[in-house]
Amino acid sequence: MKEKDLDFEVSPIEQERQAYRKRQGRRSILISIASTFVLAGAIAATLHFAPGWPRVQETFFSAHYFAKSFPLVLDGLWLNVRVLIYSLIGTAIFGTLLAVVRISKSPVLFPLRALALAYTTIMRGIPMLVVLYIVGFGIPGLGLFGRIPIEILGTVAVTMSYSAYIAEVLRAGFQDVSPQQRASARSIGLSSGQTVRLVIIPQALRKIAPALMNDFIAMQKDVGLISTLGAIDAVRAAQVQVALTFNFTPYIVASVLFILMSVPFIILNDWYTAKLRKREQTGGMV
Amino acid sequence: MEQVVLKIDNVVKRFGENTVLDHVSFDVHKHETVAILGASGSGKSTLMKCVNLLEQVSDGQIWLSGTDITDPRIDSDEIRARIGIVFQHFNLFSHMSVLNNVTLAARKVFKWDRDRAEARAMELLKRIGMDQKAKEYPDRLSGGQQQRVAIVRALMMDPELLLLDEITSALDPLLVGEVLEMVEEIKSQGATILMATHEMHFAHGAADRVVLLRNGKIAEIGTPEEVMDNSTDPETQAFFRILKE
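All values derive from a computational prediction rather than experimental measurement.

> Can you help me understand the overall build of chain B in this one?
When helices and strands are counted, chain B shows 9 helices and 10 strands. For 245 residues, the compact-globule estimate of 2.2 N^0.38 gives 18 Å, and the C-alpha radius of gyration of chain B, at 18 Å, lies within 12% of that figure. Along the three orthogonal principal directions, the C-alpha set of chain B runs to about 55 × 45 × 40 Å. Expressed as a percentage of its 245 residues, the buried residues of chain B come to 54%. Taking the intrachain contacts of chain B between residues at least 6 apart in sequence as the baseline, contacts between residues at least 24 apart amount to 64%. With the model as given, the accessible surface of chain B reaches about 10,900 Å², and the carbon-plus-sulfur share is 46%. Between the centroid of the 28 positive side chains of chain B and the centroid of its 38 negative side chains there is a distance of 6 Å.

> What exactly am I supposed to notice about the sheet that holds strand β10 (residues 217-222) of chain B here?
Either a parallel or an antiparallel arrangement is found when strands of a sheet pair, and the pairing is made through backbone hydrogen bonds. Residue and element names in this part refer to chain B. If you walk across this open sheet you meet the 6 strands as β6-β7-β8-β3-β9-β10, and the pairing is mixed. The outermost strands of the open sheet, each flanked by one partner alone, are β6 (83-86) and β10. Each strand of the sheet is rotated relative to its neighbour by a mean of 15 degrees, with strand direction disregarded. Bridging between strand β7 (residues 161-165) and strand β8 (residues 193-196) involves 4 bridges; their strand directions are parallel. In the sheet register, L162 faces β8, and the bridge partner there is I193. On top of the sheet, helix α6 (residues 173-188) reaches β3 (33-37), β7 and β8; it is set at about 155 degrees to β8, its chief contact.

> Help me understand empty space enclosed by the protein, please; the structure alone is not making it clear to me.
Rolling a probe over the atoms, with the probe sized like a water molecule, indicates the empty space that remains. By the definition in use, this model includes 2 cavities of 30 Å³ or more. Approximately 100 Å³ is the volume attributed to the largest cavity. If you go around the largest cavity, you meet 14 residues; those closest to its centre are A:I188, B:A81, B:I83, B:R153 and B:A154. Secondary structure elements with two or more residues in the lining of the largest cavity: α2 (76-82), β6 and α5 (143-155) of chain B. At 3 residues, the largest contribution of residues to the lining of the largest cavity is made by β6(B). Considering only residue class, the lining of the largest cavity consists of 10 nonpolar, 2 polar and 2 charged. Taken as a whole, the second largest cavity encloses approximately 50 Å³ of empty space.

> Please clarify how the packing of aromatic side chains should be interpreted in this entry.
For any pair of aromatic rings, geometry is given as the distance between the ring centres together with the angle between the planes. Counted by the stated rule, this structure contains 10 aromatic pairs over all chains. Centroid distance A:Y162 to A:Y165: 5.6 Å. Interplanar angle 45 degrees. Geometry classified as tilted. Residue A:Y162 and its partner A:Y165 are located together in helix α6 (residues 150-176), separated by 3 residues, close to a single helical turn. What makes A:Y165 partly exposed here is its relative accessible area of 30%. We note B:R153 situated over the ring of B:F93; from NZ or CZ to the ring centre the distance is 4.7 Å.

> I'm lost on unusual backbone geometry in this one. Help?
Leaving glycine aside, a negative phi is the common case for residues, and trans is the common case for peptide bonds. Residues and elements named next belong to chain B. One non-glycine residue, K111, lies in the positive phi region at around 55 degrees. As for its placement among the helices and strands, K111 is situated in the loop between α3 (98-108) and α4 (114-127). For K111, a relative accessible area of 61% puts it in the exposed group. One non-glycine residue, D158, lies in positive phi territory at about 50 degrees. Positionally, D158 belongs in the loop between α5 and β7.

> Looking at this structure, how should I read α6(B)?
Residues separated by three or four positions in an α-helix point in the same direction, a consequence of the helix having 3.6 residues per turn. Residues and elements named next belong to chain B. With 16 residues, α6 ought to run about 22 Å at 1.5 Å a step, and its terminal C-alpha atoms sit 23 Å apart, in line with that. Taken residue by residue, α6 has L175, V176, V179, L180, M182, V183 and I186 as its buried positions. The buried residues of α6 all sit within an arc of 155 degrees when viewed along its axis, so they share a single face. For α6, the exposed residues set more than 90 degrees away from the buried face come down to L174, E181 and S188.

> Teacher, can you tell me more about the sheet that holds strand β2 (residues 18-29) of chain B here?
Residues and elements named next belong to chain B. The 4 strands lie next to each other as β2-β1-β4-β5, forming an open sheet whose pairing is antiparallel. Since the sheet does not close on itself, it has two edges, and those belong to β2 and β5 (67-68), each with one partner. Alignment of strand β1 (residues 4-15) against β2, held across 8 bridges, turns out to be antiparallel. Looking at β2, one finds that I8 is bridged to F26.

> Is there a simple way to explain the nonpolar core in this structure?
Soluble globular proteins tend to bury their nonpolar side chains together. In this structure, B:L37, B:I151 and B:M156 are the most contacted members of the largest nonpolar core, which totals 51 residues. Among the elements that make up this core, the one with the highest residue count is α6(B) (7 residues). Setting aside anything within four residues of it in sequence, one finds B:I151 in contact with B:V86, B:I167, B:V179, B:M182, B:V183 and B:I186. Residues A:L84, A:M219, A:A234 and A:A238 belong to the second largest nonpolar core, which totals 30 residues.

> What should I look at first to understand the interface of chain A and chain B in this one?
Reports often express the size of an interface as the amount of accessible area lost when the parts come together. At the junction of the two partners, chain A supplies 23 residues and chain B supplies 24 residues. Summing both sides of the interface, chain A and chain B together bury roughly 2,100 Å²; the carbon and sulfur share of this comes to 54%. Our enumeration of links across chain A and chain B arrives at 1 salt bridge. Across the pair A:R186 and B:D77 runs a salt bridge whose closest N-O atoms are separated by 2.9 Å. Linking chain A with chain B are 8 residue pairs in polar contact (both at pLDDT 80 or more), by the criterion used here. Classifying every residue of the side of chain A that touches chain B gives 7 nonpolar, 11 polar and 5 charged.

Rules behind the numbers
Residues numbered from 1 in each chain as written. Chains lettered and ligands numbered in written order. Predicted model: local features only at pLDDT ≥ 70, side-chain atom pairs only at ≥ 80, totals over all residues. Heavy atoms only, no water. Helix = DSSP H or I, 4+ residues; strand = E, 2+ residues; numbered from the N terminus. Rg over C-alpha atoms; globule rule 2.2 N^0.38 Å. Buried < 20%, exposed > 50% of the residue type's maximum accessible area, 1.4 Å probe, protein only. Contact = heavy atoms within 4.5 Å. Areas by Shrake-Rupley, 256 points an atom, 1.4 Å probe, with all protein chains shown as cover. Lys, Arg positive; Asp, Glu negative; His and termini not counted. Charge placed at Lys NZ, Arg CZ, Asp CG, Glu CD. Pairing = 2+ DSSP bridges. Axes fitted to C-alpha atoms, helices over the stretch in contact; angles between N-to-C directions. 1 Å grid on protein atoms, 1.4 Å probe; cavity = no way out; pocket = protein on both sides within 12 Å on 5 of 7 lines; lining within 4 Å. Points joined across faces, edges and corners; volume = space filled by probe spheres on them. Nonpolar A, V, L, I, M, F, W, Y, C, P; charged D, E, K, R; others polar. Phe/Tyr/Trp six-rings, centres within 6.5 Å; stacked < 30°, edge-to-face > 60°. Lys NZ or Arg CZ within 6 Å of the ring centre and 35° of its normal. Expected span 1.5 Å × (residues − 1). Arc of directions from axis to C-beta. Core = buried A, V, L, I, M, F, W, Y, C linked by side-chain atoms within 4.5 Å. Buried area = accessible area lost by both parts, 1.4 Å probe. Salt bridge = Lys/Arg side-chain N within 4 Å of Asp/Glu carboxyl O. Polar contact = N/O pair within 3.5 Å; in protein donor to acceptor, adjacent residues only side chain to side chain.

The values are spatial; any link to function lies outside them.
Shown next, in the form of structure tokens:
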């Protein structure tokens, strides 16, 4: 936070200090601009002199193929967005349930607690791709439910995998809230449930917002793996184009779209955590 | 004699092998201020926690206005809501404004509507000159201000008993005064207070009776003059001499 400029009479010593800081500030900006140019120049030069660069450029960064494949890949992205939204809702619910079970102390819940522990341990160990195969090909293989759309199977797989991660982040957040806050809440008469809802969860969420957002962005990206089940999502659409044209630019198109999709959330996350920091802590110099 | 608000009857508290409270008994009467004194580890804080049901007693009983609050069949949330407690480390909810901290119990436990709770809270905050800070978050306040807000939070529902657990121990000496002044005022308005404290001058001035704990047992009980000035017990004399120096 910047100090407000007030018109105080300042001593020559302070004037000199302020002038020095200003000079230093200008110098830092100049240095960072210069170093950026040097690095960009070095990369450009390396690529320029690389013997295969024209071929690579044509294969990955062709404007022609970019424009041609863009609408098709964008179409596929819509499937990713839908799967992402449903997975997000599913993960929020299932992940919170797992976390609450994990931190519960009630003896009745012991079997559930053991199951939740086993679930989070196993799920975090299995590669996402394997989960997709098991759910995507295993469940329909049972022949119990008839034909299940691939989108739904993909959503289930992503939800199953990410709930395990989210549950552990949430659990860490809940346990990180100081026990004194719980004592304080109980001592003014809040019930155990009210304490969790009104004090523990809001405080925990503030602490783990960056970690949650990080998992969310990773999830956005992993949703692209549903292409392995045969769904025509952005990655699959790109793959089809690549197979037709022998040009890899459609993959770059898909990547650009995925990046664009994550940027708003990255900005939102930075803004939110900065806001909390500002509100709840008085800043210092370091 | 006024009615007994709090009756501590042969309370024992053990943590494993360690006996922290060893058959402690005393009463707190209405409008009375009782100070619990004793060295660190003598059991003061544990006793406060037992009274507020944050810890279970290992034996004995505690009565609040005739209700046995150590009976596992009672509704402990309801009992806690009847007792106000202020902690050493303030323990304000860091994600809520001062006003929401103070009104939380009224709104969520006693189901007051927001206007009524806020009106009452603002009146109390105004009395301690903190009404301007109602919208601030606790981390923006000084320790003394936070502790005064915590006291207001405890007083919000007119508790039958106010517990003050070393409320000045985490404050720097300059801020202790403003908090103790506030306690004096609450006392003069007729509150019933049980406090654990290291502030000997304050205990001497404000308490009607003091209880001196030593190794979990009551070593002495009586008026501040009897216990702090005129005790014939050499250990008690030594304890207060060290503190006065």
